[in-house]
Each structure stands twice: as structure tokens, then as C-alpha cells.
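If you want the building blocks of each chain, they are given just below.
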Amino acid sequence: MAAASLPATGCNRGLLGTSFYGGWGSSISGEDYQNLLSKTVAPPQQVRVSRKAIRAVPMMKNVNEGKGLFAPVVVVTRNIVGKKRFNQLRGKAIALHSQVITEFCKSIGADAKQRQGLIRLAKKNGERLGFLA
């Protein structure tokens, strides 16, 4: 077999012009890198955007809306009073109910874990009855 002689820089150059046996810094300069990038990176193409409406971020809606025995009364009251005032009143009612539960737990000697369980139970019952609609 005949041996062919090739220049050292012609055959052993890999990606970005680096030699297989050399390091990154010794075989490529800033100008060479810019030339390489201009050859390999395609120019940005126009992106076609459809005319359809983009789906909006879903609004947080109350999952209990319209469910429960008292839901219609709660919804009508919220519409009459206004959301801000209604939420203030609801917050006061929930705080008052939590205080009643706490006092009840103190009177029967229940610990904090049982008290928290009763508060969670009250919330679940309020959801089922429609108070949180």
C-alpha cells in the first residue's frame, strides 16, 4: 500500500477547527470562530403565526360555584354586596367560626391536632353545603 502524505492541518481538524490532538484554545481564534458561526448558523426565518385566538390563561374559578344547598343564596348575596365586601364578611365569619371551634376544643380538653381536624371538617362541610360558593 502506498502512503499518502497529507498536511497536518487538513485531515485532523474536527468540529470548530480543533485538532483531535490539540486543545480548544490553541487551534481556533476569535475571527475563525466568527467565520465558522456565520457559515453554520442559519439566518432566522420568518415564523408564521396563525390568526386563531391564543388560548388565554385559565381564570381561577370556584369549583363549588352553584353546588350545595346554600350556594344560590351565597351567590345572590355576593352579587348584591360586591365581591370585595363579601369576601371581607366571609373572612370574618370563618374567623369567628374558628374561634368557636377553638373554645369548644378548650372546654372538652382536645389537643391542637384534634382542633385542626375539626376546622378542616368545618371547611369540608361548608363546601358541601355551598357556603364557599
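This text goes with the structure placed above it.
Residues numbered from 1 in each chain as written. Predicted model: local features only at pLDDT ≥ 70, side-chain atom pairs only at ≥ 80, totals over all residues. Heavy atoms only, no water.

A. Quick peek at the layout of surface pockets. When its volume is computed, the largest pocket comes out at roughly 470 Å³. Lining the largest pocket are 18 residues, with Ile94, His97, Gly126, Phe131 and Leu132 positioned closest to its centre. Taken together, the elements giving at least two residues each to the lining of the largest pocket come down to helix 4 (71–81), helix 5 (83–108) and helix 6 (112–129). Here the element with the most residues in the lining of the largest pocket is helix 5; it accounts for seven residues. Taken together, the residues of the lining of the largest pocket break down into 12 nonpolar, four polar and two charged. (1 Å grid on protein atoms, 1.4 Å probe; cavity = no way out; pocket = protein on both sides within 12 Å on 5 of 7 lines; lining within 4 Å. Points joined across faces, edges and corners; volume = space filled by probe spheres on them. Helix = DSSP H or I, 4+ residues; strand = E, 2+ residues; numbered from the N terminus. Nonpolar A, V, L, I, M, F, W, Y, C, P; charged D, E, K, R; others polar.)

B. Helix 6, seen in detail. Between its first and last C-alpha atoms helix 6 spans 26 Å; for 18 residues at 1.5 Å apiece the expected length is 26 Å, and the two agree. Just beyond helix 6, the residue with positive phi is Gly130, at close to 100 degrees. (Expected span 1.5 Å × (residues − 1).)

C. Broad picture of the nonpolar core. Counting five residues, the largest nonpolar core consists of Ala71, Val74, Val75, Phe86 and Ala133. When residues in this core are grouped by element, the largest group, three residues, is from helix 4. Contact partners of Phe86, with chain neighbours within four places excluded, come to Val74, Thr77, Arg78 and Val81. (Core = buried A, V, L, I, M, F, W, Y, C linked by side-chain atoms within 4.5 Å. Buried < 20%, exposed > 50% of the residue type's maximum accessible area, 1.4 Å probe, protein only. Contact = heavy atoms within 4.5 Å.)

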